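Overview (structure and organization)
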Amino acid sequence: MNSIRVFKFGGASLRDASQVENVVSIIERYKEQKLMVIVSAMGKTTNQMEEVVKHFDNKTKALEKLDIVKQNHLAIIRDLGLSKDDSLLSDINDLFVEIDWALDEPGQTYDYNYDQIVSIGELLSSKILTAKLKQNGASISWLDARDVIITNDIYREGWVEWKRTKENIATKVKPLFNEVDLVVSQGFIGSTNENNTTTLGREGSDYSAAIFSYGLDAEDMTIWKDVPGVLTGDPRKIRNVSKLDNISYREAIEMTYYGAKVIHPKTIKPLQNKNISLYVKSFIHPEGEGTLVSSEVDTQYPPIVAIESEQAIISISTLDFSFVAEHHLSYLFQEFAKHRIQINMMQNSAISFSVCVNDIDDRVIAFTEQIKGSFKTKVERNLELISIRHYQKDLVENMKRGKIIKLEERKGDMTQFVVEDIPQMERI
Ligand code: ADP
Ligand code: ASP
Ligand code: MG
C-alpha cells in the first residue's frame, strides 16, 4: 500500500462556499495519493456553538443561537450546489436534532454539555466537505473520529488513551485505504470508553491530525493556513515578520507552547516520536514551499516572538512572614494541577512566590479561593506574556519601550516578560 499523507484544514480555510471549493481544489491536486483529511469546524462555528452552550438553561435562547449556526451551514450547502443531496441534508438534520436532545439532557456538568454540543461543528464541516468531494467524483470515505480517538473523561480537555487509539487506527482507519484513496474525518473530537463525546481543547484539530499521522505512520503531515508558513511572529500583532523555511521540532514546540498560535503545541510530540515531517503551508497560495518542521535543523534562527494574551500573575505569600518552603510549594503545585492551571513563568523569594498563568474561565479565582486560608494572594489580570527566542538586545528594548514590566526572566537565548495587554496599534 502507498503511504498515506495527512492534511489538516482549519476553520479559516472552510469559512464559506468559495473557501470550501478552494479546499476541494487543493485536495484534488493530490489525486494520485492516499490522503487522510482532518477538518475543523467552519469559520467561527466553534465560538457560535459556545454561545449555544452558555444558554443551556434557557432552551428558547439556545435554539435561537443554534439557528445562526444552522442558517450559515444551510447557506454554504446551497452555495455549493448541494441542496438536492438528500443524504447530506438528512445527516445535517440529524446532527441538529442531536443538539436539541443534548439541550434536554439534565443533570450533567457544564464541560460535559459543552463537548456534546460544540463537537457537532466538526461533524457538520466534515459531512459537507465529503459531500462536495463526492459530487466531484472522489473515491472517499467519511469517518467518525469518535470511533477512533479515545480519551479519558476530562471534558473539554480529553487526554488521549494512546493504546486504544492506536489499535483503532490500525483496525478501523488503515483498512479504509484498501477501498478508497481519501478519508475525511474531524479534528478536535474524541470519545470516552463509555462512548461520550469529548473534545481535546480549543484549537485541538492540529493535534488530532498528528494523532492520525502517528497511528498511520504517515509519510508527512500538512496543516493549511492563511499564512505562508511559520513566521517569526504573529503578523496580526507584529510588523516585519518573515517566513521560516525550516525549523526543528524543538523550536516549534517551544514557540507554540508560549503562544505562537500557528500550530497547537501538542501537535509536535507525536510527529517527533515517529520522525514525521510537518509542513505548514498557505491555502491561499498552495504552490508555496511553506515551512518544514523536522528533526534538528542546522540553521541560525532569527529572533522569534510569541505573544500569549489572557495571562494573570498570582503573587502568593505566607500569612506570617515565614519562608515559602518545600511543603508550601508541594501543596501549591497540587492545587495548580487540580485546577488545571498552566504555569508559564515563576519566580520566588524568601517569603513570596509569583506565577504567570493562562487565565482560563474562573480557574484562577477558584484556585485563590482554595488557598486563601493558608496564604495571602494578589491577582493581576489582562496581561500578556511576550517570549522572544534567539533575542537580540535592540529588539527586546524596542518591545519593552513604554510598557510596564510585571515579571521578567531570561534563560539561555530566550527572554520573557509579562506586560499589561497592549492595544493593537501601540505595538512596535
Ligand atoms: P486555523 O484556521 O487553522 O484555526 P488559526 O487562525 O488558528 O488557523 O492560525 C493561523 C493564525 O496564526 C495566523 O493567521 C496568524 O495570525 C497566527 N499566528 C500566530 N503566530 C504565528 C506565527 N509565528 N507564524 C504564523 N502565524 C502565526
Ligand atoms: N474548532 C475547534 C476550535 O475552534 C478546533 C480547531 O479549530 O482546531 O477551537
Ligand atoms: Mg484555529
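Before going into details, it helps to say that this report is about the structure given with it. The structure displayed is predicted, hence computed values, not measured ones. (Residues numbered from 1 in each chain as written. Chains lettered and ligands numbered in written order. Predicted model: local features only at pLDDT ≥ 70, side-chain atom pairs only at ≥ 80, totals over all residues. Heavy atoms only, no water.)

1. Brief notes about the overall build of the chain
Operational definition: Helix numbers and strand numbers start at the N terminus; a helix is a DSSP run of H or I with at least 4 residues, a strand a run of E with at least 2. Only the C-alpha atoms count toward the radius of gyration. The rule for a globule is 2.2 Å times the residue count to the power 0.38. Note on exposure labels: buried denotes an accessible area under 20% of the residue type's maximum, exposed denotes more than 50%, and partly exposed covers the range between, all computed with a 1.4 Å probe on protein chains only. Contact criterion: two residues are considered in contact whenever any of their non-hydrogen atoms come within 4.5 Å of each other. What sets the accessible areas is the Shrake-Rupley method with a 1.4 Å probe; for residues, cover comes only from the shown protein chains. For this count, His and the chain ends are skipped, Lys and Arg are scored as positive, and Asp and Glu as negative. Every charge is mapped onto a representative atom, which is NZ of Lys, CZ of Arg, CG of Asp or CD of Glu.
Of the regular secondary structure elements, the chain holds 14 helices and 16 strands. For the chain, the C-alpha radius of gyration of 23 Å lies close to 22 Å, the compact-globule estimate for 428 residues. Overall, the C-alpha framework of the chain stretches about 70 × 55 × 45 Å when taken along its three principal axes. Counting over 428 residues, the chain shows a buried share of 52%. Sequence-distant contacts in the chain: of pairs separated by 6 or more residues, those separated by 24 or more amount to 74%. Split by element, the accessible area of the chain, about 19,800 Å² in all, is 47% carbon and sulfur. Taken as two groups, the 52 positive and 63 negative side-chain charges of the chain have centres that lie 2 Å from each other.

2. Concerning the pairing of strand β14 (residues 375–389)
Here is the rule we go by: Only strands that DSSP links by at least two bridges are regarded as paired with each other.
Here twelve bridges tie strand β11 (residues 304–318) to β14, and the two strands are oriented antiparallel to one another. From the neighbouring strand, Ser315 faces β14, where its bridge partner is Lys378. Alignment of β14 against strand β16 (residues 414–420), held across seven bridges, turns out to be antiparallel. Of the residues in β16, the one forming a bridge with Ile386 is Phe417.

3. Let's talk about the site of ligand 2
Spelled out, the test is: Nearness is defined per residue: one heavy atom within 4 Å of the molecule or strand is enough. Polar contacts, as counted here, are pairs of nitrogen or oxygen atoms within 3.5 Å of one another; within protein the pair requires one atom able to donate a hydrogen and one able to accept it, and residues that are adjacent in sequence qualify only if both atoms are side-chain atoms. Amino acids are sorted into nonpolar (Ala, Val, Leu, Ile, Met, Phe, Trp, Tyr, Cys and Pro), charged (Asp, Glu, Lys and Arg) and polar (every other residue, Gly among them).
Taken together, Ser40, Ala41, Thr46, Glu122, Phe188, Arg202, Glu203, Gly204 and Ser205 make up all the residues around ligand 2. Between Thr46 and ligand 2, the recorded distance is 2.7 Å, taken from a side-chain N or O atom to a nitrogen atom. With respect to ligand 2, the backbone of Glu203 contributes an N or O atom lying 2.8 Å from an oxygen atom. Within the complex, the protein chains bury 92% of what would otherwise be the 260 Å² of accessible surface of ligand 2. Grouping the amino acids of the shell around ligand 2 by side-chain chemistry returns two nonpolar, four polar and three charged.

4. As for the nonpolar core
Our working rule: As used in this record, nonpolar core signifies buried Ala, Val, Leu, Ile, Met, Phe, Trp, Tyr and Cys residues forming a set joined through side-chain atoms within 4.5 Å.
Residues Phe9, Met36, Val37, Leu129 and Phe212 are the most contacted members of the largest nonpolar core, which totals 94 residues. Counting 15 residues, the second-largest nonpolar core is a separate cluster that includes Ala312, Ile341, Ile343 and Phe353.

5. Considering the sheet that holds strand β4 (residues 182–186)
Here is the rule: In this analysis, axes come from line fits to C-alpha atoms, helices being fitted only over the stretch in contact, and the angle between any two N-to-C directions falls in the range 0 to 180 degrees.
The strand order across the open sheet formed by eight strands is β3-β4-β2-β1-β7-β9-β10-β8, and the pairing between neighbours is mixed. The sheet terminates laterally at β3 (140–142) and β8 (246–248), the two strands that pair on one side only. Going across the sheet, the axis of each strand differs from the next one's by a mean of 20 degrees, ignoring polarity. Of the pairings in the sheet, the one linking β8 to strand β10 (residues 291–294) comprises three bridges and is parallel in character. The residue of β10 that forms the bridge with Ser248 is Ser294. Sitting on the sheet, helix α10 (residues 249–257) is in contact with β8, β9 (277–282) and β10, with an inclination near 80 degrees to β8.

6. Focus on helix α5 (residues 110–118)
Burial analysis of α5 places seven of its nine residues in the buried class, which makes it a mostly covered element. For α5, the full list of buried residues reads Tyr112, Asn113, Tyr114, Asp115, Gln116, Ile117 and Val118. Lining the buried residues of α5 we find α2 (45–54), α4 (86–104), α6 (120–135) and β6 (197–199).

7. Some remarks on unusual backbone geometry
Unlike most non-glycine residues, Arg156 shows phi in positive territory, near 75 degrees. With respect to the secondary-structure elements, Arg156 resides in the loop between β3 and α7 (162–173). One non-glycine residue with positive phi stands out, namely Glu310, at about 50 degrees. Considering the arrangement of structural elements, one finds Glu310 in strand β11.

8. Remarks on the pattern of salt bridges
How we decide: Take a side-chain nitrogen of Lys or Arg and a carboxyl oxygen of Asp or Glu: if they are within 4 Å of each other, that pair is a salt bridge.
Taken as a whole, this structure holds 29 salt bridges when the rule is applied. In this structure, the salt-bridge partner of Glu50 is Arg202, at a minimum N-O distance of 3.0 Å. In this pair, Glu50 sits in helix α2 while Arg202 sits in the loop between β6 and α9 (205–216), placing the two residues 152 residues apart along the sequence. Look at Glu50 and you get buried, because its relative accessible area is 16%. Linked through salt bridges whose partners overlap, the residues forming this network are Lys59, Asp100 and Asp104.

9. Structural notes on the sheet that holds β11
Spatial strand order, β12-β13-β11-β14-β16-β15: six strands in an open sheet with antiparallel pairing. At either margin of the open sheet sits one strand with a lone partner, and together these are β12 (343–348) and β15 (405–411). Recorded for the sheet is a direction-independent mean angle of 25 degrees between the axes of neighbouring strands. Here seven bridges tie β11 to strand β13 (residues 352–358), and the two strands are oriented antiparallel to one another. Across the sheet, residue Ile313 finds its bridge partner in β13, namely Cys356. Across the sheet, helix α12 (residues 326–338) lies against β11, β12, β13 and β14, angled at about 15 degrees from β13, the strand it touches most.

10. Here we look at the site of ligand 1
Near ligand 1 there are 18 residues, and of these Lys225, Asp226, Leu231, Asp234 and Arg236 occur at the shortest range. At a separation of 2.7 Å, an oxygen atom of ligand 1 approaches a polar side-chain atom of Asp226. Side-chain polar atom of Asp234 to an oxygen atom of ligand 1: 2.7 Å apart, as the coordinates give it. Contact with the protein chains covers 90% of the free accessible surface of ligand 1, which is 570 Å².

11. Section: the side chain of Ser141
Structurally, the position occupied by Ser141 is in strand β3. Not counting chain neighbours up to four residues away, the residues in contact with Ser141 comprise Leu176, Val180, Leu182, Val183 and Val184.

12. Regarding the pairing of β9
As paired elements, strand β7 (residues 220–225) and β9 share six bridges and run parallel to each other. Residue pairing for β9: Trp224 is matched across the bridge by Lys281. As paired elements, β9 and β10 share three bridges and run antiparallel to each other. By the bridge assignment, Leu278 is partnered in β10 with Val293.

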